[in-house]
Amino acid sequence: MIQHLDVDGVPTLLAPTGGPMRAGLTFRVGTADETLARAGTTHLIEHLALAPLGLADYHVNGVTAPAFTMFHTQGSETDIAAFLTAVCGHLSDLPVARLDVEKDILRTEWSSRGAAAIDDFPLWRHGARDFGLSSYPEWGLGALTADDLREWTARWFTRENAVLWICGDRVPAGLRLPLPTGVRQPVPAVSSALPQTPAYFVHGARAVVLDAVVRRSAAAAVFAGVLERELYRSLRQESGLSYTATTGYDPRGDGNATLRALADALAEKQDAVLGGFVDVLAKLRVGRIEQADLDATVAKRADLLGTAEVDAARLPGYALNVLTGEPNLSIDEHRAELKAVNLADLHEVAGEVMGSALLMVPRGLTADWAGFVAAPTHSTEILEGTGYSAKEGNAALRIGVHGVTLLQGDTPLTVRYADCAAMLAWPDGARQLIGADAIVLHIEPTMFHLHPAALPIIDAQVPADRHISMPARTPDEIPQPSAPEKPARAPGDRPWWEVAMIVVSGVAVLVVGAVSLLVTYVMVAAGTEPGEEWLWGVVVAGWLLTVILALPIVLLWRRRR
């Protein structure tokens with residue numbers, strides 16, 4: 001049984017356990033409550049609250065998720081009381097002396113984080129806001145001040161916006177939760193960057209992944225298990241195409257849940273895995289669902305409800321339900337819901353899955369043949385403004401009163417100033433505008449014929465609280481236009497001055513050469529009288545002048561070749 005208690009004004013949940021005592025303090029605040037320009041605020045506060053504890057002799061940790069932040073621990077009753085009391089004390093009086101150190105630690109954490117196949121789904125589904133922010137780096141860290149963090153904790157880390165849960169037989173003696181007074185905060189409204197579903201996008205991962213939003217229900221949770229059985233049977237057991245075929249079901253806190261499915265693939269088998277994956281979805285969509293799969297999934301979930309630790313195991317989720325206002329059922333109510341799920345319910349969930357589906361396909365493949373539309377990668381709007389051409393290529397930039405459009409052929413990228421989630425600014429003048437719809441527009445001053453006033457206009461129009469200062473780049477990191485190649489000329493296509501020089505030189509060679517030839521002939525035929533030997537010097541000078549006059553013709557000919 002789960003008991004509802006109160007500790008220093010914080011709702012508290014207590015459930016028995018046969019193992020060591022463990023506890024957690026969950027707050028209804030996460031990355032989805034931030035903006036892109038201040039991303040990392042909650043995570044930084046979590047680190048600051050834990051930093052003074054140092055290396056503990058018992059397990060302690062913190063988690064910052066899209067909709068919640070949790071501090072949890074496992075240890076003795078004394079250890080748990082000391083940990084939670086210290087965390088609340090640090091939240092009330094942040095150890096800002098470690099601010100710069102913890103910022104560097106968070107940057108290191110992000111840079112060393114391995115990329116997962118599902119990391120980009122929030123961005124594609126929600127854009128650069130609320131639940132989509134978990135796909136982005138924590139760009140806001142650099143600008144955050146101690147006052148910013150104190151203001152954030154005063155609003156979000158309050159006793160009314162927290163739930164304490166304890167796996168044990170009592171509240172640890174000496175536990176205190178010195179948190180400020182506040183209000184319970186609702187889950188942020190969920191945005192969408194998809195104009196149409198089912199949709200798909202292309203990714204470099206060697207996997208096919210489905211992301212869908214369904215109403216939170218026992219039937220949806222069971223459907224996730226049935227889908228996993230179908231994918232495993234079809235793609236691994238029968239066709240041997242995948243090693244991993246799995247699904248997940250995660251309540252979002254707003255009455256809906258995220259349902260995901262993944263099947264990996266070898267590079268040469270990716271198209272076959274995509275086809276088999278879509279076939280399984282189509283089979284369930286038309287209602288071809290096996291009763292045996294339903295029975296097996298329900299039995300598996302019912303077995304979990306019968307374990308001795310079931311109440312302790314569901315305390316973290318139970319606490320989140322309290323924070324978000326979602327209903328918490330008893331074990332008997334869970335069993336009754338599971339028992340009531342039938343094939344018609346699963347067929348209905350399959351329709352919800354396909355209606356909201358976002359499919360990730362490997363690079364080089366598409367899913368339009370299966371009824372999925374490509375998720376937008378460019379804008380449909382082209383804004384009016386002053387045009388600037390690129391120094392190479394056919395790109396063009398328009399900087400207007402309401403926003404900026406980058407035209408690359410027939411593909412526009414547009415970000416309105418009012419919808420700009422963040423603008424990254426480098427000291428060398430480069431700007432990157434990120435729209436709320438996740439459209440990214442990059443401006444490199446070295447690559448465009450920009451007026452000196454162009455960038456200051458953008459800087460002034462984008463709200464100041466969305467500016468993000470980026471570190472200076474090395475010269476090698478700043479793109480430069482490539483050296484223009486000299487166009488090849490067609491044979492006989494010479495500039496006018498070459499033609500004129502060739503004509504003049506040719507005429508001069510003919511005249512001087514003819515005179516030199518005539519004088520030479522006369523000198524040879526008539527002989528030379530005594531005292532006229534100097535005439536041979538004139539002959540030599542004439543031929544030498546002829547050679548000199550012929551040199552421009554030879555040099556220009558060699559230059560053309």
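The structure displayed is predicted, hence computed values, not measured ones.

Draft legend 1. Region of the structure containing the packing of aromatic side chains. Taken as a whole, this structure holds six aromatic pairs when the rule is applied. For the pair Phe121 and Phe201, a centre-to-centre distance of 5.2 Å together with 75° between the ring planes defines the contact as edge-to-face. With Phe121 in helix H4 (residues 121-126) and Phe201 in strand S7 (residues 199-203), the pair connects residues that are 80 residues apart, well separated along the chain. Looking at Phe121, the relative accessible area reads 1%, which means it is buried. Take Phe201: its relative accessible area is 2%, and that puts it in the buried class. Ring plane angle 35° and centroid distance 5.4 Å describe the contact between Trp152 and Trp156, whose orientation is recorded as tilted. Linking Trp152 with Trp156, this pair stays in helix H5 (residues 146-156), spanning four residues, or about one helical turn. Under the relative-accessibility criterion, Trp156 is labelled buried at 4%. These aromatic residues form a ring-pair network of at least three members: Phe27, Phe71 and Phe157. The ring of Phe131 is capped by Arg252, whose NZ or CZ atom sits 5.9 Å from the centre of that ring. Positioned above the aromatic ring of Trp426, the side-chain terminus of Arg473 is 5.4 Å from the ring centre.

Draft legend 2. Quick look at helix H10 (residues 315-324). Counting buried residues along H10, seven of its 10 residues qualify, which places the element largely inside the surrounding structure. Regarding H10, the residues found buried are Leu315, Tyr318, Ala319, Leu320, Asn321, Leu323 and Thr324. Contacts from the buried residues of H10 go to strand S1 (3-7), strand S2 (10-15), strand S3 (22-27), strand S6 (162-167) and helix H9 (310-313).

Draft legend 3. View of the pattern of salt bridges. In this structure the tally under the stated criterion is 24 salt bridges. Between Glu77 and Arg170 there is a salt bridge, with its nearest N and O atoms 2.7 Å apart. With Glu77 in helix H2 (residues 77-92) and Arg170 in the loop between S6 and S7, this residue pair connects regions lying 93 residues apart in the sequence. Classification of Glu77 as partly exposed rests on a relative accessible area of 22%. Two residues, Asp459 and Arg431, come together in a salt bridge whose shortest N-O distance is 2.9 Å. With a gap of 28 residues between them, Asp459 in helix H13 (residues 454-461) and Arg431 in strand S18 (residues 431-435) connect regions that are remote in the sequence. Under the relative-accessibility criterion, Asp459 is labelled partly exposed at 23%. Here Arg431 falls in the buried class, since its relative accessible area comes to 10%.

Draft legend 4. Structural view of the packing of helix H1 (residues 41-50) against H2. For the pair H1 and H2, the least separation of the axes is 8 Å and the interaxial angle reads 125°. Taken together, H1 and H2 sit at an angle that is classed as oblique. H1 and H2 meet at a crossing whose hand is right-handed. Taken together, the residues of H2 that come into contact with H1 (itself represented by Ile45, Ala49 and Leu50) are Phe83, Val87, His90 and Leu91. Residue composition of the contact of H1 with H2, grouped by class: six nonpolar, one polar and no charged.

Conventions used here
- Residues numbered from 1 in each chain as written.
- Predicted model: local features only at pLDDT ≥ 70, side-chain atom pairs only at ≥ 80, totals over all residues.
- Heavy atoms only, no water.
- Phe/Tyr/Trp six-rings, centres within 6.5 Å; stacked < 30°, edge-to-face > 60°.
- Helix = DSSP H or I, 4+ residues; strand = E, 2+ residues; numbered from the N terminus.
- Buried < 20%, exposed > 50% of the residue type's maximum accessible area, 1.4 Å probe, protein only.
- Lys NZ or Arg CZ within 6 Å of the ring centre and 35° of its normal.
- Contact = heavy atoms within 4.5 Å.
- Salt bridge = Lys/Arg side-chain N within 4 Å of Asp/Glu carboxyl O.
- Axes fitted to C-alpha atoms, helices over the stretch in contact; angles between N-to-C directions.
- Parallel < 35°, antiparallel > 145°, perpendicular 65-115°, else oblique.
- Left-handed = near helix turned anticlockwise from the far one by under 90°.
- Nonpolar A, V, L, I, M, F, W, Y, C, P; charged D, E, K, R; others polar.

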